[in-house]
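What follows is the residue order along each chain.
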Amino acid sequence: MIVMTSPLVSIIIPVYNVEAYLEECLDSVVNQTYKNIEVIAVNDGSTDSSPEILNRYKKKYENIKVINQRNSGLAAARNRGIAEATGKYIYFLDSDDYILPETVENIIGKMEKYELDLVRFGAQPFYEDKSVKIVRNLYDYSKIFQEGKIYNKYEFLRANIKGFAASACLYIVKAEVLEKHNLQFKPGLLHEDELFTLKLFLYINRAMYDPNLYYMRRYRSGSIMTSIKGKKDFDAYYEVLSEIIKLRTKFKHPDEIRLINKRIRTMYRILMLKQIDEVYKKEMLDRIMGLSGWEKFYFKMQYQGKEFVK
């Protein structure tokens, strides 16, 4: 693809104790076929050799900027990257994953040609243990989104009723969208993509889906998502749900409300299925005001049915 203009693209990479994967991630960025890229690597208090790896790449590549901060979490690291970014477009890349060489060139070509706010694309998941095979790719939404179609805001929201994917690594976004609406990741919030991506989609006016699986998503033990369990995981999703419910007072269009309500129901279902103390779970779920009594009853029956089958 020939890109008529070459706007600066800011790639934000939060880094925390990923010495085994960091070089592969950084290599995938510096080897992009598209060259007008600034890399903002935020070292979030790593205690392994990640800082040394970052400094080595910084010395070798002029477009890599390394920021060191005390360990403050993924959301704070991404926000720091947003604050430092100067590009027209922003992309968030997790430091234990990587992207294919043509990713940025292909996506920016579409964004420039069609004046898009966002392009979303697919991912290829793989296990760190290569003996484990992926049975179903949960990051391929090519059967839901139409390739090459320019979605207006409400078409895009309707498509995301069935095709919502929270990961911020699955799209490149125009920086002015984040700036205009003061969009940041909520500090200290686990599963922060669930909230950030939903809010972002509610502000997008022109979007496109690229079915190519540009993002290589690594499943590994010890990652943030695989290490959160039990009550901590329940409380994290509960906080996300509470924040999503608040959005219903801000957005009023029927398509906005439908997507928000769908995410509320999804979060409630996730909470219902968490294996924690049942008394605590019931007490917390009873406090939720974003669902009707009938919806709560329906999900409860679903849960009890699954428990009976077990």
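Keep in mind it's a predicted model, so treat the numbers as computed, not measured.

**Looking at the overall build of the protein chain**
- Across its full length, the protein chain carries twelve helices and nine strands.
- For 310 residues, the compact-globule estimate of 2.2 N^0.38 gives 19 Å, and the C-alpha radius of gyration of the protein chain, at 20 Å, lies within 12% of that figure.
- Dimensions along the principal axes, computed over C-alpha positions, put the protein chain at roughly 60 × 45 × 40 Å.
- For the protein chain, the proportion of its 310 residues judged to be buried stands at 53%.
- Surface accessibility of the protein chain: about 15300 Å² in total, with carbon and sulfur atoms responsible for 52%.

**Side note on the packing of helix α1 (residues 22–30) against helix α2 (residues 50–60)**
- The geometry of α1 relative to α2 is characterised by a closest axis approach of 10 Å and an angle of 25° between their N-to-C directions. Classified by the angle between their axes, α1 and α2 sit roughly parallel to one another. For α1 against α2, the interelement crossing comes out right-handed. Mapping the contact onto sequence places L22, E23, L26 and D27 in α1 and S50, I53, L54, R56 and Y57 in α2.
- When grouped by side-chain class, the residues that make up the contact of α1 with α2 number five nonpolar, one polar and three charged.

**Section: unusual backbone geometry**
- Even without a glycine there, the phi angle at N17 is positive, about 50°.
- Within the secondary structure, N17 is located in the loop between β1 (9–15) and α1.
- Accessibility expressed as a relative area gives 26% for N17, which makes it partly exposed.
- We note that E115 has phi near 50°; this positive angle belongs to a residue other than glycine.
- Positionally, E115 belongs in the loop between α4 (103–114) and β6 (118–127).
- Judged by relative accessible area, which is 59%, E115 ranks as exposed.

**Comments concerning the pairing of strand β3 (residues 64–69)**
- Where strand β2 (residues 37–44) and β3 come together, six bridges link them in parallel fashion. Opposite N43, over in β3, you have N68 as the bridge partner.
- Of the crossover connections in this fold, the one passing from β2 over α2 to the parallel β3 is right-handed.

**What to know about the packing of helix α5 (residues 153–163) against helix α10 (residues 254–273)**
- One can describe the packing of α5 onto α10 by two numbers: an axis separation of 9 Å at closest approach and a directional angle of 25°. When the axes of α5 and α10 are compared, the pair comes out roughly parallel. Both α5 and α10 take part in a crossing whose hand is left-handed. Of the residues in α10, those touching α5 at K153, Y154, L157, R158, N160 and I161 are D255, E256, R258, L259 and K262.

**A look at the packing of aromatic side chains**
- Counting across every chain of the model gives 18 aromatic pairs.
- Look at F145 and Y151: their rings are 5.8 Å apart centre to centre, the planes differ by 75°, and that puts the pair in the edge-to-face class. Here F145 matches Y151 in class, with each residue buried.
- On the basis of an interplanar angle of 70° and a centroid distance of 4.9 Å, the ring pair of F156 and F201 is categorised as edge-to-face.

**Focus on the pattern of salt bridges**
- Taken as a whole, this structure holds 21 salt bridges when the rule is applied.
- Between R80 and E84 there is a salt bridge, and its shortest N-O distance comes to 3.6 Å. Within this pair, R80 and its partner E84 are both found in helix α3 (residues 74–84), separated by four residues, close to a single helical turn.
- The partly exposed category is assigned to R80, whose relative accessible area is 33%.
- Residue E84 is classed as partly exposed on the basis of its relative accessible area of 26%.
- Here E194 ties to R263 by a salt bridge, and the two come within 2.9 Å at their closest N and O atoms. Residue E194 is located in helix α7 (residues 192–201), and its partner R263 is located in helix α10; the two are separated by 69 residues in the primary sequence.
- On the basis of relative accessibility, which here comes to 9%, the residue R263 falls in the buried class.
- Each of K65, R80 and E84 takes part in salt bridges that share partners, so that together they form one network.

**Brief notes about a nonpolar patch on the surface**
- A surface patch of nonpolar side chains, amounting to about 350 Å² of accessible area, comprises W294, F297 and M301.
- Its location among the elements puts M301 in helix α12 (residues 293–309).
- Assessed through its relative accessible area of 37%, M301 is described here as partly exposed.

Calculation criteria
Residues numbered from 1 in each chain as written. Predicted model: local features only at pLDDT ≥ 70, side-chain atom pairs only at ≥ 80, totals over all residues. Heavy atoms only, no water. Helix = DSSP H or I, 4+ residues; strand = E, 2+ residues; numbered from the N terminus. Rg over C-alpha atoms; globule rule 2.2 N^0.38 Å. Buried < 20%, exposed > 50% of the residue type's maximum accessible area, 1.4 Å probe, protein only. Areas by Shrake-Rupley, 256 points an atom, 1.4 Å probe, with all protein chains shown as cover. Axes fitted to C-alpha atoms, helices over the stretch in contact; angles between N-to-C directions. Parallel < 35°, antiparallel > 145°, perpendicular 65-115°, else oblique. Left-handed = near helix turned anticlockwise from the far one by under 90°. Contact = heavy atoms within 4.5 Å. Nonpolar A, V, L, I, M, F, W, Y, C, P; charged D, E, K, R; others polar. Pairing = 2+ DSSP bridges. Right-handed = clockwise from strand over helix to strand, strands pointing away. Phe/Tyr/Trp six-rings, centres within 6.5 Å; stacked < 30°, edge-to-face > 60°. Salt bridge = Lys/Arg side-chain N within 4 Å of Asp/Glu carboxyl O. Patch = residues over 30% accessible without salt bridge, like charges linked within 9 Å, V, L, I, M, F, W, Y side chains within 5 Å.

Geometry only, nothing functional implied.
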